[in-house]
Amino acid sequence: MHSLSMEPPHISISTMIPTASWFTPKRLLGIFCMINMLNYLDRGAIASNGVNGSKGTCTKPGICTSGTGIQGDFNLNNFEDGILSSAFMVGLLVASPIFASLAKSVNPFRLIGVGLSVWTVATLCCGLSFNFWSISVCRMLVGVGEASFISLAAPFIDDNAPVSQKTAWLSIFYMCIPTGYALGYVYGGLVGTYFGWRYAFWVESILMLPFAIFGFFVKPLQLKGFIPANSEKTPALETAVSGVQDEPLSLAEFRDQSSNGHFRSKSETKIFDQFSRLKNDMTALLLNKIYVVNVLGYIAYTFVLGAYSYWGPKVGYNIYHMTNADLVFGGITIVCGIIGTLAGGFVLDFMTNTLSNAFKLLSIATFIGGAFCFGAFLFKSMYGFLVLFSIGELLVFATQGPVNYVCLHCVEPSLRPLSMAMSTVAIHIFGDVPSSPLVGILQDNINNWRMTTLILTAILFPAAGIWFIGIFLHSVDRSNEDSEHQVSTIERSSTTPLLHEKTGETSESLAQSQEC
């Protein structure tokens, strides 16, 4: 016989766990990798010659050639063309902490569905844009759509990865960044050249649509450390915990609570609570020494890589007179990005994935990689440069898995979405966004590309030094702290990852545990 007070938790828990046998952790990783690759394919496509295009030109005799791509159709100057990239980043940076904060009151899996839906509609509208301002707004919305995914995908992967392979799984996910960029250059060039730049965005929208639908219609997963945000089931859980049934409202009370003033006050209170919660969480992150040290090193690291990606081909052309500098630097980045990122994850798992070991790998790989890159730019021979630079890039990219592992495991589970969001915001605002123009200013003043790149590369050594400090800080893996402080076994059940290889057996065992 079941007790009346225990039935709501029984119902809530059994319906929270997915019953589709095909939806396994590995398939979740595969789906998230495809979404991540599409996100970065879009970034590569808009930068490709086929989509971005060029402005029309006129010679002195009055012979004019029409422009191509976005820049040609909208007659954009280089400044306006560059704003398209910045507009995307504005949407991404503004929306990331908002989605991370909402994860505490809305199911995170559904938030990913909302974000991907915005992304799908925004890319569709990019192809329908009619002037500079319309496509700028659409690009900003693409950034907003991606914000939910980058904040929440990594915590979901960390929840469901095997304990001994957590960094490897994260590395597989982040390997999609260089791969997606590379595919985007090729995809944008082919589709833009043969069909027109608008079709590139329309095809992206179609490719993302199934994932947006998936985010809404699959049984939602719950992140560790979050009580399921379900308006119908949460009251039942709270009633079961307290053991007190809510008394029915009288008609007068109902009328009073239905007044506009009451609902307006309730809405204002909810917004205030949301901002108050975000403020408290931000304070907790800033007071976390491990997190701050990790992000500071990540900013310096990203500053260098952002400038490499933008100025690399120009450097290769000016110093080593490479006729195919785009292809050379693109190829090195793709190969070293994939191999290095995967290797970093597997090495940390082999060492045993702890915060201290992560900082050791971050500092050593960055220092040695920086030394190889610095030595490469000292070489006068192009072939010597390519060998040393490739080894350096391989080592530098090995940090991708470990640095994100630290972001996830140095905070309690309920702070992980905000941790990932603010890390992304910080590395862009202080890292790759300002690095390209600052390097340009430096080059304008010293007019020596070799010296400019040596000064830039030297910043990798402070990055390694900052991460080296992390080795000596008192580090505790806090990934299980939330579940240890829950007030009841019901809430503890709610904090576990809800994706298992054998979901049917899990549901049955949890249901039996609620019997008298």
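Rules behind the numbers
- Residues numbered from 1 in each chain as written.
- Predicted model: local features only at pLDDT ≥ 70, side-chain atom pairs only at ≥ 80, totals over all residues.
- Heavy atoms only, no water.
- Axes fitted to C-alpha atoms, helices over the stretch in contact; angles between N-to-C directions.
- Helix = DSSP H or I, 4+ residues; strand = E, 2+ residues; numbered from the N terminus.
- Parallel < 35°, antiparallel > 145°, perpendicular 65-115°, else oblique.
- Left-handed = near helix turned anticlockwise from the far one by under 90°.
- Contact = heavy atoms within 4.5 Å.
- 1 Å grid on protein atoms, 1.4 Å probe; cavity = no way out; pocket = protein on both sides within 12 Å on 5 of 7 lines; lining within 4 Å.
- Points joined across faces, edges and corners; volume = space filled by probe spheres on them.
- Salt bridge = Lys/Arg side-chain N within 4 Å of Asp/Glu carboxyl O.
- Buried < 20%, exposed > 50% of the residue type's maximum accessible area, 1.4 Å probe, protein only.
- Core = buried A, V, L, I, M, F, W, Y, C linked by side-chain atoms within 4.5 Å.
- Polar contact = N/O pair within 3.5 Å; in protein donor to acceptor, adjacent residues only side chain to side chain.

(A) Representation of the packing of helix α18 (residues 400-409) against helix α19 (residues 416-446) in the model. The interhelical angle for the contact between α18 and α19, taken along N-to-C directions, is 135°, at an axis separation of 8 Å. By the angle between their directions, the pair α18 and α19 is classed as oblique. Here α18 and α19 pass one another in a crossing that is right-handed. Across the interface between the two elements, Asn404, Cys407 and Leu408 of α18 pack against Arg416, Ser419, Met420 and Ser423 of α19.

(B) Local environment of empty space enclosed by the protein. In this structure the tally under the stated criterion is 3 cavities of 30 Å³ or more. Taken as a whole, the largest cavity spans an internal volume of roughly 70 Å³. Lining the largest cavity we find Ala307, Tyr308, Trp311, Gly312, Val315, Phe329, Phe377, Phe389, Val439, Trp449, Thr453 and Leu456. Of all the secondary-structure elements, those providing two or more residues to the lining of the largest cavity are α14 (289-320) and α20 (449-457). Ranked by the residues each element gives to the lining of the largest cavity, the list is headed by α14, at 5 residues.

(C) Layout of the pattern of salt bridges. Across all of its chains, the model carries 5 salt bridges by this definition. In this structure, the salt-bridge partner of Arg416 is Asp158, at a minimum N-O distance of 3.3 Å. Placement of Arg416 in helix α19 and of Asp158 in helix α7 (residues 132-160) is noted, with a sequence separation of 258 residues between them. Judged by its relative accessible area of 1%, Asp158 is buried. In this structure, the salt-bridge partner of Arg478 is Glu412, at a minimum N-O distance of 3.7 Å. Here Arg478, found in the loop between α21 (460-470) and α22 (481-484), pairs with Glu412, found in the loop between α18 and α19; they are 66 residues apart in sequence, far enough to count as distant. On the basis of relative accessible area, Glu412 is assigned to the partly exposed category, the value being 22%. Each member of the salt-bridge network shares a partner with another, and the members are Asp158, Asp159 and Arg416.

(D) Spatial organisation of the nonpolar core. Grouped together as the largest cluster of nonpolar side chains are 125 residues, with contacts concentrated most on Phe32, Ile70, Phe109, Phe173, Tyr301, Phe385 and Phe389. The leading source of residues in this core is α14, at 17 residues. Setting aside residues no more than four positions away along its own chain, Tyr301 makes contact with Val396, Phe397, Thr399, Gln400, Leu460, Ala463 and Trp467.

(E) Here's a closer look at the environment of Ser171. Of note, Ser171 is situated in helix α8 (residues 166-174). For Ser171, a relative accessible area of 0% corresponds to the buried category. Each C-alpha atom of the pair Ser171 and Pro402 lies 8.1 Å from the other, and the pair is 231 residues apart in sequence. Ignoring any residue separated from it by four or fewer positions in sequence, one finds Ser171 in contact with Thr341, Leu342, Gly344, Gly345 and Gly401. Side-chain polar atoms of Ser171 contact the backbone nitrogen of Gly345, separated by 3.2 Å.

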